[in-house]
Amino acid sequence: MRIGYPCVNEAMDCSSGNTFRLASYSEERLIAAVTANLACLRRMLEWNVAQGLLFFRIGSSIVPFGSHPINTYSWQAHFAADFRAIGDYIKANSLRVSFHPDQFVVLNSPSPDIVQRSIQELVYQGSMLDLMGLDGTAKLQIHVGGLYGERESAMIRFAQVHATLPEAVKARVVIENDDRLFPLRDCLELHQLTGVPILFDNFHHECLNHGESMAEALRLAAATWHPTADGVPMMDYSSQALGERKGKHTDDLVDERFREFLTHLHGLDFDVMLEIKNKEASALRAVAILRELGLSPAAPNLPVPPLNLPPDPNAPAKAKRANKAVSK
């Protein structure tokens with residue numbers, strides 16, 4: 001069982017999401033941003049490995065405007081060696097990585113334009129995993145989409161668009177049960193239609209379900225993953241923030257709730273992404289709990305890279321992020 005956190009190490013002095021305004025696009029800005037983003041990504045991965053955090057969700061903005069028509073630069077060729085080096089490091093250290101495209105990726109939209117842009121975004125993000133030389137166990141995590149007035153029609157549209165995806169993308173796409181529209185039962189129906197694996201979200205299941213127990217839901221979701229083509233099932237973990245609206249993620253790992261959740265696994269193996277605001281701090285506590293319970297190996301005897309380096313006067317400032325409870 002591997003533990004991970006998404007996109008940003010809150011304590012580190014760099015970001016892998018450096019970008020710029022579309023109006024100021026230039027190849028020079030693009031090259032500078034991608035160079036900084038890949039350097040920071042490598043530093044975060046090295047820090048994670050030293051701590052035994054072997055699952056990481058890479059931010060979608062490694063290449064600014066990666067799927068936008070304005071970006072005609074051959075960044076794939078320019079950065080091929082850099083991506084390959086990161087992929088080699090991932091494989092050498094048994095890391096698992098994924099992407100979670102933003103909410104504008106909606107395969108079941110009635111709008112052909114939105115669908116086409118969604119596919120282009122999946123192709124862009126999947127191409128980074130291809131450049132790293134990673135197999136189909138590195139996934140692209142998306143939601144089913146919108147209802148648009150009729151559930152069954154929305155699900156059929158998803159299946160129809162899914163069938164048109166490039167094979168390299170289709171091999172990576174997984175769907176997540178959500179907390180408002182498409183619960184586990186709908187995702188299981190889509191799995192029957194398309195073969196797409198289900199990335200289970202325990203908190204979303206608590207918010208929206210059809211009476212399946214947590215243990216049963218975990219078993220059903222895990223069964224949708226092919227053991228070699230898809231790898232160990234992935235899941236998202238969080239819990240309800242006390243005193244907040246239903247569905248608000250907690251800011252910090254609640255240790256006793258995480259321990260209680262683990263009792264529902266009954267021997268199932270999952271790679272667990274913590275969707276918790278303080279990211280690496282909670283991930284460190286979670287992996288310590290797993291080690292205590294014998295579900296994760298002891299910490300490797302590796303030097304821990306520093307979170308902060310002497311300032312580089314040529315480096316971009318750390319990217320500012322929207323104030324969201326969970327960064328995608």
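These numbers come from a predicted model, not from an experiment.

Novice: Whenever I open this one, the packing of aromatic side chains confuses me. Can you help?
Specialist: Two measures describe an aromatic ring pair: the distance that separates the ring centres and the angle between the ring planes. Under the counting rule described, the total for this entry stands at eight aromatic pairs. Both rings, one in Tyr237 and one in Phe261, keep their centres 5.2 Å apart while their planes meet at 50 degrees; by these two values the pair is tilted. In this pair, Tyr237 sits in strand β7 (residues 234-237) while Phe261 sits in helix α10 (residues 255-262), placing the two residues 24 residues apart along the sequence. By the burial criterion, Tyr237 is buried, and Phe261 matches it. An aromatic cluster is present here, built from Phe20, Tyr25 and Phe65 joined pairwise through their rings. Over the aromatic face of Phe182 sits the side chain of Arg151, whose NZ or CZ is 5.6 Å from the ring centroid.

Novice: Honestly, helix α3 (residues 80-92) in this entry has me stumped. Any pointers?
Specialist: Note that an α-helix has 3.6 residues per turn; residues three or four places apart therefore point the same way. Taking 1.5 Å per residue as the helical rise, α3 with its 13 residues ought to reach 18 Å, and the 18 Å between its terminal C-alpha atoms agrees with that figure. Among all positions of α3, only Phe83, Ile86, Gly87, Tyr89 and Ile90 are buried. Looking straight down α3, one finds that the buried residues subtend no more than 160 degrees of arc, so they occupy a single side. Facing away from the buried side of α3 by over 90 degrees, the exposed positions are Ala81 and Ala92. Summarising the contacts, the buried residues of α3 are in contact with α1 (27-51), α2 (75-78), β3 (96-99) and α4 (112-131). After α3 finishes, the residue Ser94 shows a positive phi value of roughly 55 degrees.

Novice: Before we go on, may I ask you to explain the confidence of the model for the chain in this structure?
Specialist: Any region with low pLDDT has predicted coordinates that should not be read closely. Put simply, the chain has an average pLDDT of 93, and 95% of its residues get 70 or more. Here residues 321-328 is a poorly scored stretch, pLDDT under 50, and it has 19 contacts once near neighbours within four places are set aside; other chains count.

Novice: What is the right way to read the pairing of strand β1 (residues 3-6) from this model?
Specialist: Regular strands have side chains that alternate between both faces of the sheet. The alternating pattern of β1 places Ile3 and Tyr5 on one face and Gly4 and Pro6 on the opposite face, and all of these are buried. With two bridges connecting them, β1 and strand β8 (residues 271-274) associate as parallel partners. What sits directly across from Ile3, in β8, is Val272. Where β1 and strand β2 (residues 55-57) come together, three bridges link them in parallel fashion. If you follow Tyr5 over to β2, its bridge partner there is Phe56. Since β1 and β2 lie parallel, the crossover through α1 that links them has a hand, and here it is right-handed.

Scoring rules and cut-offs
Residues numbered from 1 in each chain as written. Predicted model: local features only at pLDDT ≥ 70, side-chain atom pairs only at ≥ 80, totals over all residues. Heavy atoms only, no water. Phe/Tyr/Trp six-rings, centres within 6.5 Å; stacked < 30°, edge-to-face > 60°. Helix = DSSP H or I, 4+ residues; strand = E, 2+ residues; numbered from the N terminus. Buried < 20%, exposed > 50% of the residue type's maximum accessible area, 1.4 Å probe, protein only. Lys NZ or Arg CZ within 6 Å of the ring centre and 35° of its normal. Expected span 1.5 Å × (residues − 1). Arc of directions from axis to C-beta. Contact = heavy atoms within 4.5 Å. pLDDT = per-residue confidence, 0-100. Pairing = 2+ DSSP bridges. Right-handed = clockwise from strand over helix to strand, strands pointing away.

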